[in-house]
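# Structure at a glance
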Amino acid sequence: MTQQEKSTLEERIVDVLKTVYDPEIPVNIFDLGMIYKIDIRDDATVELDMTFTAPNCPAADFILEDVRTKVESVDGIRAANVNLVFEPAWDQSMMTEEARVELGFD
């Protein structure tokens, strides 16, 4: 897989990640800064590291499955492995400018 193909796939993955929401927050998980790593391998599998805004998120299982399912729905992706990580700890500085405005932080 070429770097250009990986870049195109990553753009598509980001697009689908922007359709995943925590039911308690009206901003998608990508703009919230909850996605730490998207690694597309040559065999068309994806390793994705993500976190939650709080370690005890009640919707964790739902969100993780939604992420995995949506990433695997991207044409050209064979499988996705979603790793839940808490290092570094999430904080508001990880949000995009749009997310901060939407949530009233700016």
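Residues numbered from 1 in each chain as written. Predicted model: local features only at pLDDT ≥ 70, side-chain atom pairs only at ≥ 80, totals over all residues. Heavy atoms only, no water.

### Let's talk about the packing of helix α1 (residues 3-17) against helix α2 (residues 60-72)
Threshold: Axis definition: a line fit to C-alpha positions, over the contact stretch in the case of helices; interaxial angles, taken between N-to-C directions, run 0 to 180 degrees. The secondary structure listing takes helices from DSSP runs of H or I that are at least 4 residues long and strands from runs of E that are at least 2 residues long, numbered from the N terminus. Under this scheme an angle from 65 to 115 degrees is roughly perpendicular, one under 35 degrees roughly parallel, and one over 145 degrees roughly antiparallel; angles in between are oblique. Note on convention: near helix rotated counterclockwise from far helix by under a right angle means a left-handed crossing. Clockwise means right-handed. Contact criterion: two residues are considered in contact whenever any of their non-hydrogen atoms come within 4.5 Å of each other. We call Asp, Glu, Lys and Arg charged. Ala, Val, Leu, Ile, Met, Phe, Trp, Tyr, Cys and Pro are nonpolar, and the rest, Gly among them, are polar.
Close contact between α1 and α2 brings their axes to 9 Å; oriented N to C, the two are set at 140°. The orientation of α1 relative to α2 falls into the category oblique. Considering only the axes of α1 and α2, their crossing is right-handed. Taken together, the residues of α2 that come into contact with α1 (itself represented by Ile13, Val16 and Leu17) are Val67, Lys70 and Val71. For the contact of α1 with α2, the per-class residue count stands at five nonpolar, no polar and one charged.

### Regarding the environment of Ile38
Mapped onto the elements of the fold, Ile38 is located in strand β1 (residues 35-40). With residues up to four places along the chain from it excluded, the contact list for Ile38 reads Glu10, Ile13, Val14, Leu17, Phe30, Val46, Glu47 and Leu48.

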